[in-house]
Amino acid sequence: MSPTSHPTPASSEHPTSAAPVRVVHTADLDTATLNAARILLYDVFDDMTAEDWEHALGGLHALVHEDGELIGHAAVVQRRLLHNGRALRCGYVEGVGVRADHRGRGHGAALMNALERVIRNAYDLGALSAAADAATFYAARGWQPWRGHSWTLTPTGPRRTANEDGTLYVLPSSVPLAPEADLTCDWREGDVW
């Protein structure tokens, strides 16, 4: 998702009021749930694209239902990030959204709790691109702003992604990081970060 497309996630002030979170791989989601997740994200994000939806597939989805309806979604997918001469296995967060009429009840925090557990136990680090209005939410959860330059490794070689500088956040896990250094993501269609 582009950094301007992330809505402010739900507040973490009342996480106990959040509905239970179900975590499931894309391969195990039925067509109706996949369609509900896609519709939810298109409703939440004004600039959602087909590529944005594709970016949220192929990993684990955290889902929140209330009264039989999907009201919250977040995904973590595996990507490779290059940092200080190493290719790191990254749990990249995509498609974090809570239906507008259910925000402020801790659903966003509950979704992120589920994904952060996966990231800490399965990846070298977590990463995401956040809009300015969501940055405080992620920072309060321990996500750290990346201060170095951002890049992407395109089919024709490395390309600077200066417009992403200041929007990237990482969740350290098992590998020491130098947040002032360069960070390069693997190539994909649409928004690369």
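Residues numbered from 1 in each chain as written. Predicted model: local features only at pLDDT ≥ 70, side-chain atom pairs only at ≥ 80, totals over all residues. Heavy atoms only, no water.

Overview of the pairing of strand β7 (residues 150-154)
On any regular strand, side chains alternate: one points to one face of the sheet, the next to the other face. Burial of β7 is one-sided: the residues Ser150, Thr152 and Thr154 facing one way are buried, the residues Trp151 and Leu153 facing the other way are not. Across 4 bridges, β7 lies against strand β10 (residues 183-186) in parallel orientation. Within β10, the position partnered with threonine 152 by the bridge is cysteine 185. Two elements, β7 and strand β8 (residues 157-160), share 4 bridges in a ladder whose sense is antiparallel. Residue pairing in the sheet places threonine 154 in a bridge with glycine 157 of β8. (Buried < 20%, exposed > 50% of the residue type's maximum accessible area, 1.4 Å probe, protein only. Helix = DSSP H or I, 4+ residues; strand = E, 2+ residues; numbered from the N terminus. Pairing = 2+ DSSP bridges.)

Here we look at helix α4 (residues 132-140)
If you check which residues of α4 are buried, you get Ala134, Ala135, Phe137 and Tyr138. Its buried side turned inward, α4 meets β4 (86-98), α3 (107-122), β5 (125-129) and β9 (168-172). A positive phi of about 100° marks glycine 142, the residue just after α4. (Contact = heavy atoms within 4.5 Å.)

A short note on the nonpolar core
Membership of the largest hydrophobic core comes to 25 residues, with the highest contact counts inside it found for Val93, Met112, Leu115, Ile119, Leu128, Tyr138 and Trp143. At the level of secondary structure, the elements contributing two or more residues to this core comprise β2 (60-66), β3 (69-83), β4, α3, α4 and β9. In terms of residue count, α3 provides more of this core than any other element does, 6 residues in total. Once residues lying within four places of it in the same chain are set aside, the contact partners of leucine 128 are Tyr92, Val93, Met112, Tyr138, Trp143, Thr167, Leu168 and Tyr169. In this structure, Val77, Leu81, Tyr92 and Ala127 belong to the second largest nonpolar core, which totals 15 residues. (Core = buried A, V, L, I, M, F, W, Y, C linked by side-chain atoms within 4.5 Å.)

Here's the deal with the pattern of salt bridges
Side chains bearing opposite charge may pair, as long as their charged atoms lie close to each other. Inspection of the entire model under this criterion finds 8 salt bridges. Arginine 147 is the salt-bridge partner of glutamate 180, the closest N and O atoms lying 2.4 Å from each other. Placement of glutamate 180 in the loop between β9 and β10 and of arginine 147 in the loop between β6 (144-145) and β7 is noted, with a sequence separation of 33 residues between them. What makes arginine 147 exposed here is its relative accessible area of 53%. Via salt bridges that share partners, Glu69, Arg99 and Asp101 belong to a single interconnected network. (Salt bridge = Lys/Arg side-chain N within 4 Å of Asp/Glu carboxyl O.)

Describing the packing of aromatic side chains
Per the counting criterion, the structure on display carries 3 aromatic pairs. Between the aromatic rings of tyrosine 138 and tryptophan 143, the centroid separation amounts to 6.3 Å while the plane-to-plane angle is 70°, which identifies the pairing as edge-to-face. An identical accessibility class is assigned to tyrosine 138 and tryptophan 143; each is buried. Over the face of the ring belonging to tyrosine 92 we find arginine 79, whose NZ or CZ atom lies 4.8 Å from the ring centre. Between arginine 160 and the ring centre of tryptophan 151, over which it is positioned, the NZ or CZ distance is 5.9 Å. (Phe/Tyr/Trp six-rings, centres within 6.5 Å; stacked < 30°, edge-to-face > 60°. Lys NZ or Arg CZ within 6 Å of the ring centre and 35° of its normal.)

A closer look at the side chain of threonine 33
Mapped onto the elements of the fold, threonine 33 is located in helix α1 (residues 31-44). Other than its neighbours up to four places away in sequence, threonine 33 contacts Leu63 and Leu70.

Structural notes on unusual backbone geometry
Unusually for a residue other than glycine, aspartate 67 sits at a positive phi of about 50°. Locating aspartate 67 in the fold gives a position in the loop between β2 and β3. One non-glycine residue, asparagine 84, lies in positive phi territory at about 50°. Structurally, asparagine 84 is set in the loop between β3 and β4.

A word on the environment of tryptophan 151
Its location among the elements puts tryptophan 151 in strand β7. Exposure remark for tryptophan 151: the relative accessible area of 25% places this residue in the partly exposed category. C-alpha of tryptophan 151 to C-alpha of alanine 37: the two residues are 114 residues apart in sequence and 30 Å apart in space. The residues contacting tryptophan 151, other than those within four sequence positions of it, are Pro158, Arg159, Arg160, Thr161, Asp182, Leu183, Thr184, Cys185 and Trp193.

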